[in-house]
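# Residue-level structure breakdown
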Amino acid sequence: MLSCVAFAGSDGKVLAIRDYRGDLDRDAIVLFCDSVIRKKETENSPTVKRGDFTYFFIRQGGLHIVTATKANINAVMVFEYLKQVLKVLNSYFGGNATVEKVKENSTLIYAIMDEVMDYGYPQILQAEVLKEYILEKGMPEDVKALAALRERQKNLTLDVTGAVSWRKRGIVYKVNELYLDAIEKVSALLTPSGDMLYGSVVGVITMNTRLSGMPECKLGLNDKLLMGGEDGGTGQAAGNYNAKRDVSLDSLKFHQCVKLRNYETNKEVAFVPPDGEFELCNYRMTENIKVPFKVVPLYTQHGRTRAEMTVKIRGDFAMDLMAYKVVLTLPVPGTTSNVVPEVSGGKCKFDLSKSQVTWKLPEFGGGTEFQLKMEINMISTLNEKAWDKPPIKIAFNLPMYTSTGLRIRFLKVYEKSNYVPRKWVRYLTQAGDFEVRLP
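Residues numbered from 1 in each chain as written. Predicted model: local features only at pLDDT ≥ 70, side-chain atom pairs only at ≥ 80, totals over all residues. Heavy atoms only, no water.

## Details of the packing of aromatic side chains
Quick note on the threshold: Ring pairs shown here join Phe, Tyr and Trp side chains whose ring centres sit within 6.5 Å, with only the six-membered ring taken for Trp; geometry is labelled stacked below 30 degrees between planes, edge-to-face above 60, and tilted in between. Strands here are runs of E lasting at least two residues and helices are runs of H or I lasting at least four, both read from the DSSP assignment and numbered beginning at the N terminus. When accessible area is computed with a 1.4 Å probe and restricted to protein chains, residues below 20% of their type maximum are described as buried, those above 50% as exposed, and intermediate ones as partly exposed. Lysine NZ or arginine CZ positioned within 6 Å of the ring centre and within 35 degrees of the ring normal marks a charge as sitting over the ring.
By the definition in use, this model includes 11 aromatic pairs. Taking the centre distance of 6.4 Å and the plane angle of 65 degrees together, the rings of Phe-317 and Tyr-401 count as edge-to-face. Here Tyr-401 lies in the loop between strand 23 (392-399) and strand 24 (410-414) and Phe-317 lies in the loop between strand 17 (306-315) and strand 18 (322-331), a separation of 84 residues in the sequence. Exposure remark for Phe-317: the relative accessible area of 8% places this residue in the buried category. Using a relative accessible area of 1% as the deciding quantity, one classes Tyr-401 as buried. An aromatic cluster is built from Phe-293, Phe-317, Phe-364, Phe-370, Phe-396, Tyr-401 and Phe-434, whose rings are joined through pairwise contacts. Between the NZ or CZ atom of Arg-21 and the centre of the ring of Tyr-119, over which it lies, the distance is 4.1 Å. Lying over the aromatic face of Phe-410, Lys-412 brings its terminal NZ or CZ to 4.9 Å of the ring centre.

Given below as structure tokens:
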């Protein structure tokens, strides 16, 4: 339970404060903002203990959102609540909430704070629901618009207090459509021979639903999503050329609409989706990762003014697939004056100011290999230092492929009107911090 929520600028001045329980003096919040936020102590820790109260705060630009509590509560829950409040404000303002916007819309801020918490307990945090009765521009003057608003507000109590507060009733679409994207970002640090020193994948499944009524969706993922280091067999899912039967994840987080009991029983993700775009789940994996490219670099120094670098890159994915926007950033010594590259594909560009060569391959087919060989000419200097050899950095986009082996087995939609929606499922793997060390 939280005692209050306050907004402050980077100068420590309190912009707005809402007291929910009456157990914390307003002067204590003012003193905290002045002594901690103004003096930049927020750089050290997002939590501060002062007397009987623990203060929590988050920051977006110069805007700080602060809360305090006497209870020994879950800190992660508090930060999640503050993030959701900030998300609501960003939705209302059509962009990032700022100190100026909070000052200009103080009445709106207090109206929102009255609804997002009740006596210290989180309440309504769905911006779509709040916008139905907390109107930024006031009540509409047009009679028809006002009547339509009153009609929508009749179901607000049920929407807010019901089991599916994230979705309004009475939604109708002429064409019912459902889009699902499984997007992964793979980060890795590889040796010159191609061995992985470190690897991780951060993935997210996003959906865009345009469905009428109150549908229930069922999503089947891999046969087993293991929370551990067990090995699984291999398999293939339609559209994903690196699918596995079993996938071992380090963490998995679902949207609040997911019925966790169904997932724990049969690994089916059952949910009533919010309308529009949302993140169904996100996950992380650090073992049994398959990287889609193998890069083998070779660097040879010939005296003080000349060197050679050879880089081979091969696509370790199915020949039916095509990677796009593959970019290799190759470092060269700081004394380099010019380079003479030879490539088997793509284009090269030398940037003297950054001491690097950019090799761009617009399209990269699976199983193919490209090579870059360049002669590096350097200027001789009196105080020469050994080159520290920064790693090669790689960026890419690879559709219809996942490094974890995640797959979508099925996606079903049930609704009492028995309509059949159009469904699209896409996979995409992108580079995070993907680096290869030079020999």
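## Some remarks on the sheet that holds strand 14 (residues 268-271)
So the rule is basically this: DSSP calls a pair of strands paired once it identifies at least 2 bridges connecting them. Axes, fitted as lines to C-alpha atoms, cover a helix only where it is in contact. Angles between the N-to-C directions of the axes lie from 0 to 180 degrees.
Taken in spatial order, the three strands line up as 14-10-24 in an open sheet, and their pairing is antiparallel. Unpaired on one side and paired on the other, strand 14 and strand 24 mark the two borders of the sheet. On average, each strand axis in the sheet is tilted by 15 degrees relative to the strand beside it, whichever way the strands run. Bridge count between strand 10 (residues 216-220) and strand 14: four bridges; the pairing is antiparallel. Paired with Gly-220 across the two strands is Glu-268, which belongs to strand 14.

## Re the sheet that holds strand 3 (residues 47-50)
Two orientations exist for strands paired in a sheet by backbone hydrogen bonds: parallel and antiparallel. Worth spelling out the cut-off: Should any heavy atoms of two residues lie within 4.5 Å, those residues are considered in contact.
Sheet architecture is open: five strands sit in the order 2-1-5-4-3, paired in antiparallel fashion. Two strands in the sheet have a free side with no partner beyond their single neighbour: strand 2 (14-19) and strand 3. Neighbour to neighbour, the strand axes of the sheet diverge by 20 degrees on average, direction disregarded. Alignment of strand 3 against strand 4 (residues 53-60), held across four bridges, turns out to be antiparallel. Each residue of the ladder has a partner; that of Arg-50, found in strand 4, is Phe-53. Here helix 2 (residues 75-93) sits on the sheet and contacts strand 1 (4-8), strand 3, strand 4 and strand 5 (63-69); the angle it forms with strand 4, its principal contact strand, is near 40 degrees.

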